[in-house]
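Letter by letter, the chains look like this.
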Amino acid sequence: MVDWWSYGVLLYEMLVGQPPFDGDDEDELFIAIQQDHPCYPASLSKEAQNILKGKLKMLHANLECDLAGPVAKCGTSSSRVLAGSWSV
């Protein structure tokens, strides 16, 4: 199983130089992850922004599934992720 969202967070940090979400403590960070949307610097190419948006938006879909039932029924498959125009 691949954790695509965590991969997106790592990729964001490598491309931007800071984490996509911020908080003064663990609780604030968790709230930011659930409610905030990361900023994408203008210096990032459109392709890089598309990759990051695709990876990071998966969390919100999976959080909704967590509330409705098991993530296994709602998770994003690897084939769907790799089908994006940005995959290598």
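Every value quoted in this text rests on a predicted model; they were computed, and no experiment measured them.

A. How the structure looks around the overall build of the protein. In terms of helices and strands, the protein carries six helices and zero strands. Element order for the protein, N to C, with α for helix and β for strand: α-α-α-α-α-α. In the form shown here, the protein has an accessible surface area of approximately 6200 Å², with 55% of it arising from carbon and sulfur atoms.

B. Region of interest: helix α1 (residues 4-16). Over its 13 residues, α1 extends 18 Å from the first C-alpha to the last, a length consistent with the 18 Å expected when each residue adds 1.5 Å. Among the residues of α1, Trp4, Trp5, Gly8, Val9, Leu11 and Tyr12 are the ones counted as buried. The arc that holds the buried residues of α1, viewed along the axis, is 165 degrees, so those residues lie on one side. Where α1 ends, the next residue or the one after it, glycine 17, has phi of about 95 degrees, a positive value.

C. Representation of the packing of α1 against helix α3 (residues 46-56). For the pair α1 and α3, interaxial distance at closest approach is 8 Å and the crossing angle is 145 degrees. Considering the relative orientation of α1 and α3, their crossing is left-handed. Listed contacts from α3 to Trp4, Trp5, Tyr7, Gly8, Val9, Leu11, Tyr12 and Leu15 of α1 are Ala48, Ile51, Leu52, Lys55 and Leu56. Tallied by class, the residues present in the contact of α1 with α3 amount to eleven nonpolar, one polar and one charged.

D. Structural detail: the side chain of glutamine 49. The topology assignment puts glutamine 49 in helix α3. On the basis of relative accessible area, glutamine 49 is assigned to the buried category, the value being 9%. Excluding residues within four positions of it along the chain, glutamine 49 makes contact with Tyr40, Pro41 and Leu44.

E. Structural view of the packing of aromatic side chains. Under the criterion given, the structure shown has three aromatic pairs. Here the aromatic rings of tyrosine 12 and tyrosine 40 are separated by 6.1 Å at their centres, their planes lie at 70 degrees, and the arrangement is edge-to-face. Within this pair, whereas tyrosine 12 is found in helix α1, its partner tyrosine 40 is found in the loop between α2 (26-35) and α3, the two being separated by 28 residues in sequence.

F. Representation of the nonpolar core in the model. One finds Trp5, Val9, Leu11, Tyr12, Phe21, Ala32, Ile33, Leu44, Ala48, Leu52 and Leu56 forming the largest nonpolar core, which totals eleven residues. Contributing elements (two or more residues each) for this core: α1, α2 and α3. Here this core takes four residues from α1, the largest share from any one element. Not counting chain neighbours up to four residues away, the residues in contact with phenylalanine 21 comprise Trp5, Leu29, Ala32, Ile33, Asp36 and Pro38.

Cut-off values and rules
- Per-chain numbering applies: the sequence of each chain, read as written, is numbered from 1 onward.
- Residue-level local features of this predicted model are given only where pLDDT is at least 70; pairs of side-chain atoms are given and counted only at 80 or more, and the full residue set underlies all totals for whole chains, interfaces and linings.
- Computation of side-chain values covers all heavy atoms of the structure but excludes hydrogens and water.
- Put simply, DSSP H or I for four residues or longer makes a helix, DSSP E for two residues or longer makes a strand, and each gets a number counted from the N terminus.
- In these tables, accessible area is a Shrake-Rupley quantity obtained with a 1.4 Å probe, and a residue counts as shielded only by the protein chains included in the view.
- A helix's residues, less one, multiplied by 1.5 Å, set its expected span.
- Burial classification: accessible surface area is computed with a 1.4 Å probe over protein chains only, and a residue below 20% of its type maximum counts as buried, one above 50% as exposed, and the rest as partly exposed.
- The arc in question is traced by the directions running from the helix axis to the C-beta atoms.
- Lines are fitted to the C-alpha atoms to define the axes, a helix being fitted only along its stretch in contact, and any angle between axes, read from their N-to-C directions, falls within 0 to 180 degrees.
- What makes a crossing left-handed is the near helix being turned counterclockwise from the far one by less than a right angle; a clockwise turn instead makes it right-handed.
- Contact between two residues is taken to exist if any of their heavy atoms lie within 4.5 Å; hydrogens are not considered.
- Put simply, Ala, Val, Leu, Ile, Met, Phe, Trp, Tyr, Cys and Pro go in the nonpolar bin, Asp, Glu, Lys and Arg in the charged bin, and everything else, Gly too, in the polar bin.
- A pair of aromatic rings is counted whenever rings of Phe, Tyr or Trp (Trp by its six-membered ring) have centres within 6.5 Å, and the orientation is called stacked for planes under 30 degrees apart, edge-to-face for over 60 and tilted otherwise.
- We call a set of buried Ala, Val, Leu, Ile, Met, Phe, Trp, Tyr and Cys residues a nonpolar core when their side-chain atoms join them within 4.5 Å.

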